[in-house]
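# Structural overview
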Amino acid sequence: MPVPWEALIPFGLLTAMFGTAGTLMNVSKRGQNLGKSPRYHVDPWDEMMMERDKRLTGHIRGQSTEPIAPEGFATSSVWYTQKTN
Amino acid sequence: MSTFHDGSTSTHPYKEPSPLPSSIPKVDELGTTSAPLKSAAFFIGAYCKDYNEDFMLCKAENRDPAHCLKEGRRVTRCAQDLITKMRENCLKQFDEHWSCLEANNQVLNNRCRKPERTLNKCMFEKLVRPDQNHPGSPPSQKPIHEVEKPVFTGVQK
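Throughout what follows, the structure given in this document is the object of discussion. Residue positions within a chain follow its written sequence, with the count starting from 1. Numbering of ligands from 1 and lettering of chains from A proceed in the order in which they are written. Local features in this predicted model are restricted to residues of pLDDT 70 or higher, and side-chain atom pairs are both shown and tallied only at a pLDDT of 80 or more, whereas totals for entire chains, interfaces and linings draw on every residue. The side-chain numbers reported here are obtained from all heavy atoms of the structure, hydrogens and water having been left aside.

Here the focus is the overall build of chain A. Secondary structure is summarised from DSSP: a helix means a run of H or I of at least four residues, a strand means a run of E of at least two, and numbering begins at the N terminus for each. Broken down by element type, chain A carries 2 helices and 1 strand. Starting at the N terminus and ending at the C terminus, chain A contains elements arranged as α-α-β. Radius of gyration (C-alpha) of chain A: 23 Å, far over the 12 Å computed for a compact globule of 85 residues. Here the C-alpha coordinates of chain A stretch approximately 80 × 40 × 20 Å along the principal axes. Residues counted as buried form 22% of the 85 residues belonging to chain A. The accessible surface values rely on the Shrake-Rupley method and a 1.4 Å probe; as for residues, cover is taken only from the protein chains in view. Element-wise, carbon and sulfur atoms account for 67% of the exposed surface of chain A, whose accessible area totals about 6,500 Å². A gap of 3 Å separates the mean positions of the 9 positive and 8 negative side-chain charges of chain A. C-alpha atoms define the radius of gyration, and 2.2 Å times the number of residues to the power 0.38 defines the globule rule. Note on exposure labels: buried denotes an accessible area under 20% of the residue type's maximum, exposed denotes more than 50%, and partly exposed covers the range between, all computed with a 1.4 Å probe on protein chains only. None of His or the chain ends enter the tally, which takes Lys and Arg as positive and Asp and Glu as negative. A single reference atom marks each charge: NZ on Lys, CZ on Arg, CG on Asp, CD on Glu.

Here it is as structure tokens:
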């Protein structure tokens, strides 16, 4: 008896679409995070450290082990102001 | 139509470009980013304990930034000293450990025990042995970083 291969087309389509979507998501996330998986459960401490990493290396996920900070780091911190009146 | 807005009413982020006055001794800031700092945290705690405690007690007296500049300079210099020594002696293990942390959301858990143990071994021999006594952990169990076969390890990435 001939095998109804047409019935397997939907399975193939589902696999292909889920796979493509998942792969594109993964590639997009890794592209935004310098090849690493994204940070999660980011609390204000982590936000502060990532902003400091950006001042030190140029990207929030950039890392370095230099003991001395680059030129200009001491005066590059940002103070958020607000209207008081 | 344009109105005059006084500088104090700005809602934009503000950067102060002028450096500290020259009467204050200049100490370069620590250039280590978050993952290597987390990896070296216990070692910094043990190596620089006196200076760190001095700084914290000084801050407890008065939160004004100008009050604790001297203690702050000492803390920075001590941390710089330790990071330099770590890089000289244990660079490979240090790099492995903080790279593992960075790939795991910078959480010190069972996923990075192997590089952590090699880094600890290298550091204990050459530099400093921190007291990894976790306050609040149940005394009847082994400390989690010494458990041989932990239940929760990582997922395949």
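Before going further, it helps to spend a moment on the interface of chain B and chain A. You'll often see interface size given as the accessible area lost when the parts meet. Two residues form a contact once any of their heavy atoms are found within 4.5 Å. Listed per partner, the contact involves 34 residues of chain B and 30 residues of chain A. The term buried area means the drop in 1.4 Å probe accessible area that two parts suffer when joined, counted for both and summed. Roughly 2,700 Å² of surface becomes buried between chain B and chain A when both sides are summed, with 50% attributable to carbon and sulfur atoms. When the area that chain B buries against chain A is broken down by residue, the three leading residues are Thr33, Glu102 and Asn105 of chain B, summing to 22%. A pair is scored as a salt bridge if a Lys or Arg side-chain nitrogen falls within 4 Å of a carboxyl oxygen belonging to Asp or Glu. In this assembly, chain B and chain A are joined by 3 salt bridges.

Okay, the state of the cysteines next. Residue and element names in this part refer to chain B. Pairs of cysteine sulfur atoms within 2.5 Å are identified as disulfides in what follows. Applying the stated rule across the entire model yields 4 disulfides over all chains. The disulfide partner of Cys48 is Cys78, and the S-S distance across this bridge is 2.1 Å. Disulfide Cys48-Cys78: torsion about the S-S bond near -95°, hence left-handed. Of this pair, Cys48 sits in the loop between α2 (41–47) and α3 (49–61) while Cys78 sits in helix α4 (residues 69–103), placing them 30 residues apart in sequence. In this structure, Cys48 and Cys78 share a single accessibility class: buried. Covalently, Cys58 is tied to Cys68 through a disulfide, its sulfur atoms 2.1 Å apart.

With respect to the secondary-structure elements, Glu102 of chain B resides in helix α4. In this view, Glu102 of chain B contacts Lys36, Arg61 and Gln63 of chain A together with Ala35 of chain B; residues no more than four positions away in its chain are not counted.

All names here are of chain B. For the pair α3 and α4, interaxial distance at closest approach is 9 Å and the crossing angle is 150°. One element, α3, and the other, α4, form an angle in the roughly antiparallel class. The hand of the α3/α4 crossing is left-handed. Residues Tyr51, Asn52, Asp54, Phe55 and Cys58 of α3 form the contact with α4, whose participating residues are Glu71, Gly72, Arg74, Val75 and Cys78. Classes in brief: Ala, Val, Leu, Ile, Met, Phe, Trp, Tyr, Cys and Pro nonpolar; Asp, Glu, Lys and Arg charged; the others, Gly included, polar. Looking at side-chain class alone, the contact of α3 with α4 contains 5 nonpolar, 2 polar and 3 charged residues. To get an axis, fit a line to the C-alpha atoms, keeping to the stretch in contact for a helix; angles then go from 0 to 180 degrees between the N-to-C directions. In these notes the angle categories are as follows: under 35 degrees is roughly parallel, over 145 is roughly antiparallel, 65 to 115 is roughly perpendicular, and the rest is oblique. By definition, turning the near helix anticlockwise from the far helix through less than a right angle yields a left-handed crossing, and turning it clockwise yields a right-handed one.

What follows concerns the packing of α4 of chain B against helix α5 (residues 113–126) of chain B. All names here are of chain B. Viewed as axis vectors pointing N to C, α4 and α5 meet at an angle of 165°, and their least axial separation amounts to 8 Å. Here α4 is positioned roughly antiparallel relative to α5, judged by the angle of their axes. The chirality of how α4 crosses α5 is left-handed. When α4 is examined against α5, the residues Met86, Asn89, Cys90, Gln93, Phe94, Glu96, His97 and Cys100 are found in contact with a partner set consisting of Pro115, Glu116, Thr118, Leu119, Cys122, Met123 and Lys126. Looking at the contact of α4 with α5 residue by residue, the classes come out as 8 nonpolar, 4 polar and 3 charged.

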